[in-house]
Amino acid sequence: MDYTVVSYAAYLPVATGVTVWVARALTRNGKVFLADVFAGDGALADAVNNLLVVGFYLLNLGFVVLWMKNGSQVVNLQGVFDALSVKLGSVLLILGLVHLANVYVLNRIRRRGALDRQHRPPVAPQGWTQPAKA
């Protein structure tokens, strides 16, 4: 029995499953946050959400596939678990870092939009008045 193939066969479905699960959770729970970021524009929030999910899948599944190759031959069952722990731990760390980077960038966009909304008057000026004479 080739333990390297066993480690590949265990790693790929688990890493892909975790990636899909995280992407679905982020999609579902990110809609409210993105609606706030884009000042209630639901269509824009949904479009950005879909684009972020596609980028998330491409980046993370690409990393999963590239990281699948083992640097050395796995010779026993303990080696399978050692390889899986390093590989899955790396995938989880990358997923977390990508998520934190997305939240950071979107929070910066949300803050900038909130500041812009504070400096604009609620209605456009409709005229002017004479200054009071002192």
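Small disclaimer: the values here were computed from a predicted structure and weren't measured. (Residues numbered from 1 in each chain as written. Predicted model: local features only at pLDDT ≥ 70, side-chain atom pairs only at ≥ 80, totals over all residues. Heavy atoms only, no water.)

Asker: Outline the overall build of the chain, supporting the account with residue identities and numerical values.
Answerer: Of regular secondary structure, the chain possesses three helices and zero strands. For a compact globule of 134 residues, the expected C-alpha radius of gyration is about 14 Å, and the chain comes in at 24 Å, more than 25% above that figure. Here the C-alpha coordinates of the chain stretch approximately 95 × 30 × 20 Å along the principal axes. Looking at the 134 residues of the chain, the share that counts as buried comes to 25%. Across the chain, the fraction of contacts at a sequence separation of at least 24, relative to all contacts at a separation of at least 6, is 77%. If you sum the accessible surface of the chain, you get close to 9,600 Å²; carbon and sulfur atoms cover 67% of it. In the chain, 12 side chains carry a positive charge and 6 a negative one; their mean positions are 10 Å apart. (Helix = DSSP H or I, 4+ residues; strand = E, 2+ residues; numbered from the N terminus. Rg over C-alpha atoms; globule rule 2.2 N^0.38 Å. Buried < 20%, exposed > 50% of the residue type's maximum accessible area, 1.4 Å probe, protein only. Contact = heavy atoms within 4.5 Å. Areas by Shrake-Rupley, 256 points an atom, 1.4 Å probe, with all protein chains shown as cover. Lys, Arg positive; Asp, Glu negative; His and termini not counted. Charge placed at Lys NZ, Arg CZ, Asp CG, Glu CD.)

Asker: Please give an account of helix 2 (residues 42-68) that cites residues and values.
Answerer: When the terminal C-alpha atoms of helix 2 are compared, their 38 Å separation across 27 residues agrees well with the 39 Å that a helix rising 1.5 Å per residue should span. For helix 2, the full list of buried residues reads Ala45, Val48, Asn49, Val53, Phe56, Asn60 and Val64. (Expected span 1.5 Å × (residues − 1).)

Asker: Give a description of the packing of helix 1 (residues 3-37) against helix 2 that names residues and reports values.
Answerer: Across the interface, helix 1 lies against helix 2 with an axial gap of 10 Å and an inter-helix angle of 160°. Judged on the interaxial angle alone, helix 2 and helix 1 are roughly antiparallel. Judged by the twist between their axes, the crossing of helix 1 over helix 2 is right-handed. Among the residues making up the contact of helix 1 with helix 2, the classes are represented as 21 nonpolar, five polar and three charged. (Axes fitted to C-alpha atoms, helices over the stretch in contact; angles between N-to-C directions. Parallel < 35°, antiparallel > 145°, perpendicular 65-115°, else oblique. Left-handed = near helix turned anticlockwise from the far one by under 90°. Nonpolar A, V, L, I, M, F, W, Y, C, P; charged D, E, K, R; others polar.)

Asker: Got a sec to walk through the packing of aromatic side chains? Specific residues and values, please.
Answerer: Applying the stated criterion to the full structure yields one aromatic pair. Both rings, one in Phe63 and one in Trp67, keep their centres 5.8 Å apart while their planes meet at 15°; by these two values the pair is stacked. You can see Phe63 and its partner Trp67 sitting in helix 2, four residues apart, about one turn around the helix. The class of Trp67 is partly exposed, set by a relative accessible area of 33%. Note that Lys87 overlies the ring of Tyr11, its terminal NZ or CZ placed 5.8 Å from the centroid. A cation sits over an aromatic face here: Lys87 above Trp67, 5.4 Å from the ring centre. (Phe/Tyr/Trp six-rings, centres within 6.5 Å; stacked < 30°, edge-to-face > 60°. Lys NZ or Arg CZ within 6 Å of the ring centre and 35° of its normal.)

By themselves these figures say nothing about function.
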